[in-house]
Amino acid sequence: MLKNQHAVKGMRWSKQELVEALAAENGRDIFKKADLLREAVCGDEVHRRGLIEFSNYCARNCHYCGLRRDNSKLTRYRMSEDEIVESAQNAKKLGYRTVVLQSGEDGGFTTDALCRTVEKIKQKTNLAITLSVGEKTKNEFRRLKSTGSDRYLMRFETSNRGLYERLRPGASLDTRLENLKVLRELGYQVGSGCMIGLPGQTLEDLADDLLLMEKMDLDMVGVGPFIPHPETPLKNSPRGDLKLTLKFVALVRLVTRNTHIPATTALGSIHPFGRQMALERGANVLMPNVTPEKYRKFYEIYPNKICITEKPSDCAGCVGSMIHSLGRKIAKGYGHSLKQRREA
Ligand code: 5AD
Ligand code: SF4
Ligand code: FES
């Protein structure tokens, strides 16, 4: 740990510098710096987090997302508690040390049911558990923590308040940020992030996203390109740019320094080497899918998502070879937060 502490403190970026870096024709300079900083603070190990997409029901109606309430074309599914526990056991068998339980904001899967599921997974596998199930009350977050959840992912999506509130009807950015603050206070390791290339989003907005990530002192930061879904109001908007997203990933590393940064599925879905490129530009985490094969195609947040026809073991083999092909190593530990905090 200590030998890397010198790499943790670095220069502060101004908004203007961030805008210029995002606008630069050539990203080579920040790509190289981000890769070196990743090596200094994370080493060569890549952490794998097994993703279980356990329900695609959602009460919200986000303009960008294929799981939105008004998408009546989507076949909805909700895995049973036992199926989720079995998927977690499968994740353990595949060698993963963390499972991520993700769903839409599904009122039909109660917090009690989720608590029971978390408790069973912890008991049977001792895996680290990350939740990604949307906004809840402080009490619900507390119960989920006390039954064994370690981490929580909740992207702020965009720091532009007007854009946020236009794209997420009925939701407010302040509530989102308040939820994230509560998660931190309760002792979760907290991940957030945003999308790149939302319609109307400017480079200034993206610079603000980076500065917000820095200010929030996050443990994990996930970002990906916006990809238009044909059954949403944004179906005719252009998708987020690969190169801009990669520059953003590199800047996430340079600005937030000792965070866990996934090479996201969305990046892998817009380019066959999207994830590999991210791993060479600041990222140190992969999130292989461990959802049972039969449900995968219904978790269609955006079209052309990768890993839709594969089995959990296929993705395990795939990410293993990806890590080795880049000359990196499969991490052995839990991959908890790299930040030193006073005990929560
Ligand atoms: N394109 C890319 N990412 C999307 N998300 C939702 N819809 C899309 C889309 N159309 C992202 C959001 C959400 C995460 C689970 O998926 O950032 O937080
Ligand atoms: Fe629901 Fe999340 Fe999709 Fe919004 S982004 S519709 S909250 S699953
Ligand atoms: Fe699923 Fe490559 S990670 S097939």
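About the criteria used
Residues numbered from 1 in each chain as written. Chains lettered and ligands numbered in written order. Predicted model: local features only at pLDDT ≥ 70, side-chain atom pairs only at ≥ 80, totals over all residues. Heavy atoms only, no water. Helix = DSSP H or I, 4+ residues; strand = E, 2+ residues; numbered from the N terminus. Rg over C-alpha atoms; globule rule 2.2 N^0.38 Å. Buried < 20%, exposed > 50% of the residue type's maximum accessible area, 1.4 Å probe, protein only. Contact = heavy atoms within 4.5 Å. Areas by Shrake-Rupley, 256 points an atom, 1.4 Å probe, with all protein chains shown as cover. Lys, Arg positive; Asp, Glu negative; His and termini not counted. Charge placed at Lys NZ, Arg CZ, Asp CG, Glu CD. 1 Å grid on protein atoms, 1.4 Å probe; cavity = no way out; pocket = protein on both sides within 12 Å on 5 of 7 lines; lining within 4 Å. Points joined across faces, edges and corners; volume = space filled by probe spheres on them. Nonpolar A, V, L, I, M, F, W, Y, C, P; charged D, E, K, R; others polar. Near = heavy atom within 4 Å. Sits in = over half its atoms within 2 Å of the grid points.

With respect to the overall build of the protein
Point 1. For the protein, the count of helices and strands is 14 helices and eight strands.
Point 2. For 344 residues, the compact-globule formula gives about 20 Å, and the C-alpha radius of gyration of the protein, at 19 Å, lands near that figure.
Point 3. Taking the principal axes of the C-alpha coordinates as reference, the protein spans close to 50 × 45 × 40 Å.
Point 4. A burial count over the protein gives 58% of its 344 residues as buried.
Point 5. Contacts in the protein between residues at least 24 apart in sequence constitute 76% of all its contacts with a sequence separation of at least 6.
Point 6. Of the roughly 14,700 Å² of accessible surface on the protein, a fraction of 50% belongs to carbon and sulfur atoms.
Point 7. Distance between charge centroids for the protein: 3 Å, based on 56 positive and 41 negative side chains.

So, empty space enclosed by the protein
Point 1. This structure, assessed with the given rule, holds three cavities of 30 Å³ or more.
Point 2. Gln-102, Ser-132, Arg-155, Glu-157 and Ile-301 are the residues nearest the centre of the largest cavity, which is lined by 49 residues in total.
Point 3. It is strand E6 (residues 220-225) that provides the largest number of residues to the lining of the largest cavity, a total of four residues.
Point 4. Here the lining of the largest cavity is built from residues that sort into 25 nonpolar, 13 polar and eleven charged.

Notes on the site of ligand 2
Point 1. Around ligand 2 sit Cys-58, Arg-60, Cys-62, Tyr-64, Cys-65, Leu-67, Arg-68, Gly-104 and Arg-168, and that is every residue in its neighbourhood.
Point 2. In this structure, ligand 2 is accommodated by the largest cavity.
Point 3. Per-class residue counts for the shell around ligand 2 are five nonpolar, one polar and three charged.

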